[in-house]
Amino acid sequence: MKITKLCFILISLGLLFKSCDKGEKVITLESLLEEMVSVEELSRFPDPYYTCHQESSYDRRSVSPDDPTWFANDDGFGIMRIDTIGDRIEKVMFDETGPGVITRIWVTTINKSGTWRFYFDGSSEPGWTIPAYDLMQINVPGIGRGLLQPHTSYEPDGKGGNTLFLPIPYGKGCKITFEDAPGVELTPKYYGINFRRYPQNTAIETFSEEVLKRAQQKIAQTDNLLLNPAEIRKGEVINESKELAATDSLSISLPEGEKAVYEIKFNVGVKDSSDFAQMMRQIIFCAQFDGKQTVWVPLSDFSGGGMGAPYVKSWYLDSDGKGNIISRWLMPYKKQGVIKLVNISPLPINVKIEANVLPLTWDARSLYFHSSWRQEAQIPVHKYDEPENCTEWNFATIQGRGLYMGDLLSLFNHAPRWYGEGDEKIWVDNDTFPSHFGTGTEDYYNSSWAPVVPFHTPFGGAPRADLESSHGYNAFFRTRNLDGIPFKEKFRFDIEMIGWQRGYSDYATTTYWYGDYDAKAIGLSGVEEATKKLVPTPENPKDYKIANSIEFEELKPVAQSVSLQIGGQGTADFSDGKWSRAKHLLCRNGKEGDFIEFEFDNLESEEKYKMVLFATQASDYGILKFIVNDKTSNVTFDGYNKTVRHSAPINIGTYRPVSGKIKLKIEITGTNTLSEGARYMFGLDCVQLMPEK
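Residues numbered from 1 in each chain as written. Predicted model: local features only at pLDDT ≥ 70, side-chain atom pairs only at ≥ 80, totals over all residues. Heavy atoms only, no water.

A.B. asks: How should the overall build of the protein be read in this particular structure?
C.D. replies: Secondary structure summary: the protein contains 8 helices and 49 strands in total. By the compact-globule yardstick of 26 Å for 693 residues, the protein fits well, its C-alpha radius of gyration being 29 Å. Referenced to the eigenvectors of the C-alpha coordinate spread, the extents of the protein come out at roughly 90 × 75 × 50 Å. Per-residue burial over the protein gives 59% buried out of 693 residues. Sequence separation of 24 or more characterises 79% of the internal contacts of the protein that already satisfy a separation of 6 or more. Surface exposure of the protein reaches about 27700 Å², of which carbon and sulfur atoms provide 49%. Across the protein, 75 positive and 93 negative side-chain charges occur, with their mean positions spaced 1 Å apart. (Helix = DSSP H or I, 4+ residues; strand = E, 2+ residues; numbered from the N terminus. Rg over C-alpha atoms; globule rule 2.2 N^0.38 Å. Buried < 20%, exposed > 50% of the residue type's maximum accessible area, 1.4 Å probe, protein only. Contact = heavy atoms within 4.5 Å. Areas by Shrake-Rupley, 256 points an atom, 1.4 Å probe, with all protein chains shown as cover. Lys, Arg positive; Asp, Glu negative; His and termini not counted. Charge placed at Lys NZ, Arg CZ, Asp CG, Glu CD.)

A.B. asks: Any chance you could explain the confidence of the model for the protein here in plain terms?
C.D. replies: Mean pLDDT over the protein stands at 94; residues scoring 70 or higher make up 97%. Taken together, the stretch residues 1–22 has pLDDT below 50 and engages in 47 contacts with residues farther than four places along the chain or on a different chain. (pLDDT = per-residue confidence, 0-100.)

A.B. asks: Teacher, can you tell me more about the environment of Gln-282 here?
C.D. replies: Here Gln-282 shows up in the loop between α5 (276–281) and β17 (283–289). What makes Gln-282 buried here is its relative accessible area of 6%. When the C-alpha atoms of Gln-282 and Asn-394 are compared, they prove to be 24 Å apart, with 112 residues separating the residues in sequence. Apart from residues no more than four positions distant in its own chain, Gln-282 is found in contact with Val-342, Asn-343, Ile-344, Ser-345, Pro-346, Ala-530 and Thr-531.

A.B. asks: Explain the pairing of strand β4 (residues 88–97) here, please?
C.D. replies: For a regular strand, side-chain orientation follows a simple rule: the groups alternate between the two sheet faces. Across 5 bridges, strand β3 (residues 81–85) lies against β4 in antiparallel orientation. In the strand pairing of β4, Thr-84 is matched with Ile-89. What sits between the antiparallel neighbours β3 and β4 is a turn of 2 residues, in which Gly-86 has the positive phi angle 65°. Bridging between β4 and strand β11 (residues 173–180) involves 6 bridges; their strand directions are antiparallel. Within β11, the residue paired with Phe-94 across the bridge is Ile-176. (Pairing = 2+ DSSP bridges.)

A.B. asks: Any chance you could explain the sheet that holds strand β45 (residues 631–638) here in plain terms?
C.D. replies: What holds strands together in a sheet is hydrogen bonding between their backbones, with the strands either parallel or antiparallel. Taken in spatial order, the 5 strands make up an open sheet running β39-β42-β48-β44-β45, and their pairing is antiparallel. Two strands lie at the open edges of the sheet, namely β39 (559–560) and β45, each paired on one side alone.

A.B. asks: Can you walk me through the pattern of salt bridges in this structure?
C.D. replies: Oppositely charged side chains can form a pair if their charged atoms are brought close together. Under the definition given, this model contains 38 salt bridges. Where Lys-661 meets Glu-599, a salt bridge forms, and the shortest distance between an N and an O atom there is 3.6 Å. In this pair, Lys-661 sits in the loop between β47 (650–655) and β48 (662–671) while Glu-599 sits in strand β42 (residues 595–600), placing the two residues 62 residues apart along the sequence. Via salt bridges that share partners, Glu-41, Arg-44, Asp-363 and Arg-365 belong to a single interconnected network. (Salt bridge = Lys/Arg side-chain N within 4 Å of Asp/Glu carboxyl O.)

A.B. asks: Explain the sheet that holds strand β6 (residues 114–120) to me, please; I cannot follow it from the model alone.
C.D. replies: With antiparallel pairing, the 5 strands of this open sheet are ordered in space as β3-β4-β11-β6-β7. The open sheet has two free edges, formed respectively by β3 and β7 (128–130), since each of these has just one partner strand. Going across the sheet, the axis of each strand differs from the next one's by a mean of 30°, ignoring polarity. (Axes fitted to C-alpha atoms, helices over the stretch in contact; angles between N-to-C directions.)

A.B. asks: Please explain the state of the cysteines as it appears in this structure.
C.D. replies: Linking two cysteines covalently through their sulfur atoms gives a disulfide. Tallied over the entire structure, the rule returns 0 disulfides. Among the cysteines around Cys-686, which has no disulfide bond, Cys-587 carries the closest sulfur, lying 14 Å off. (Disulfide = S-S within 2.5 Å.)

A.B. asks: What is the right way to look at the layout of surface pockets in this model?
C.D. replies: Left-over empty space is what a probe sized like a water molecule reveals as it rolls over the atoms. One number sums up the size of the largest pocket: a volume of about 1400 Å³. Contributing to the lining of the largest pocket are 42 residues, with Arg-417, Glu-421, Ala-450, Trp-500 and Asp-573 lying nearest its centre. Each residue belonging to the lining of the largest pocket can be placed in one class, and the counts come to 13 nonpolar, 16 polar and 13 charged. (1 Å grid on protein atoms, 1.4 Å probe; cavity = no way out; pocket = protein on both sides within 12 Å on 5 of 7 lines; lining within 4 Å. Points joined across faces, edges and corners; volume = space filled by probe spheres on them. Nonpolar A, V, L, I, M, F, W, Y, C, P; charged D, E, K, R; others polar.)

A.B. asks: Can you walk me through the side chain of Thr-441 in this structure?
C.D. replies: Note on placement: Thr-441 falls in helix α7 (residues 441–444). Looking at Thr-441, the relative accessible area reads 1%, which means it is buried. Ignoring anything within four residues of it in the chain, the contact list for Thr-441 reads Leu-409, Gly-420, Glu-421, Gly-422 and Ile-495.

A.B. asks: Before we go on, may I ask you to explain unusual backbone geometry in this structure?
C.D. replies: Leave glycine aside and you will find that most residues have negative phi; peptide bonds, for their part, are mostly trans. The residue after Asp-47, namely Pro-48, is reached through a cis peptide bond having omega 5°. Non-glycine residue Asn-548 carries a positive phi angle of around 55°. Structurally, the position occupied by Asn-548 is in the loop between α8 (527–530) and β38 (549–551). Classification of Asn-548 as exposed rests on a relative accessible area of 63%.

Next comes the structure, spelled out in structure tokens:
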């Protein structure tokens, strides 16, 4: 990272001092970092009021819900415009005039070469330069994995991305551009930039080199605190425990007066571990404040883990995956409050609640904590290339004044391939176009490239990802800090139901938000949905193995053509056939005459072995011949098929080892006239060597 000195440091000294003389609040990098870890401030309606927005690389063909292009999915090329500055061609990703704060930057790409430039307060010179499409290279003193996180797919010199939560304030405006490296083939550049837009008279100190140096210690402290939430200061601690029979509940009346729950610890003891997932879904957490119920959520989902109540570690919520849950959501009330666990299962269960309550002044900015839950089964998922059939599902709808602070998506994917191509679309108050329009479900949850792997950060993660293909149970979880979304009248969150193939998904969403006494979420689910039996976990394709087989992806070739590139590739999301261990050896960049050779040893020289090979077929695969112990088999294999599928067994013949070894050479001899694309690729699953008596 290179940061140049700005002639407009601290907006301007005159403006800053004038604001201070008037007693006006100046928003600084340090004050934003303080706000980020203040559960009190983040539960209140903002003052000064700001609106939240997002600029992203969404497909610009999406202009109206009434048009099929509303579901256009080419999301890696959307920009605001192109600026020519001298001999530079700079793609403008963000351009705001007036005071504001960038609260989150999410990016990912295939090729990271190029240059980011940040222009502040109308300057023609960049105030911040990053030498790649990679925020891991910013090298901000004090920053760590609390404020800057690489995605699970991140490769420093390859594809993958990262998310930055360091606030970037500006007093008069900010423009962000990216310049592709000269001579490099253009690749999609995905991004999402969340920001606050403040009233014109708001005093904000602009991001600069001097500000960063001054805030170094504060940045480090905030980063550490996000990773290690501080022990909640002790107030009045209330403990209650009970064995709950069916339909029974454990209720705690909170101390009266202007107070807030700072922390709740839950413990659920399930006698039979096989009942754990179902029981956690049928223990309901309820909360009432000043006579109104604002929380009704299955405890498994409130924990941030969803179905199965798995391990969670984040700023607001922790769970050990065994029935111990900690909530650090602040829950203020003016006069009285009640928290409760209700057993809606048919089995008895032991529960314990510990609540930590402290005084907290109630005023015009104070809001109640809400958590809402809804579930729907068999929601159609359409392919990304059939926009005319695509639909949206309503994630959340809220009426009234409030502040949206996060959500959990817990789901069962009935299709064997990725379900999450759909973009989020968030409408606030009188939006005529979504103020937040995303680029994919996993992108919204601070990841990229369809990851199906658990991960945890202060701002959420993926608590559950059972199968590499995304078939079965999955969960994504995101909480908001500075990127929380205030609304005065209404809030609507829709998500596109788009995947890699047609199918169905069961969605359960939990939302975390603050609102006025009369604010309410609509379209919620209740006991009928929460008591539904969980769908059994599907078989893991990696557990399947073809009997007596040797996996090609685990073998090291004894020889191969120089140009041929090889590597293991997962096949779990291919539905036409079953691959041994759900993986094959993918051979790329080949041409006619290229080959790969393997050697099988420790064989009995007096035996004859029948060789049966299993392979993959696809639209860009070539034709192969087989040479065993330097003799060409009369068997050839055409790897072409319109779709990806597992081949039928290929019986290459019966062979006797030479000096205890059998050599197998596989050579490309041509390609089918119907093949397309690379045309000479091939995939090898496994081989059987079976003695013949």
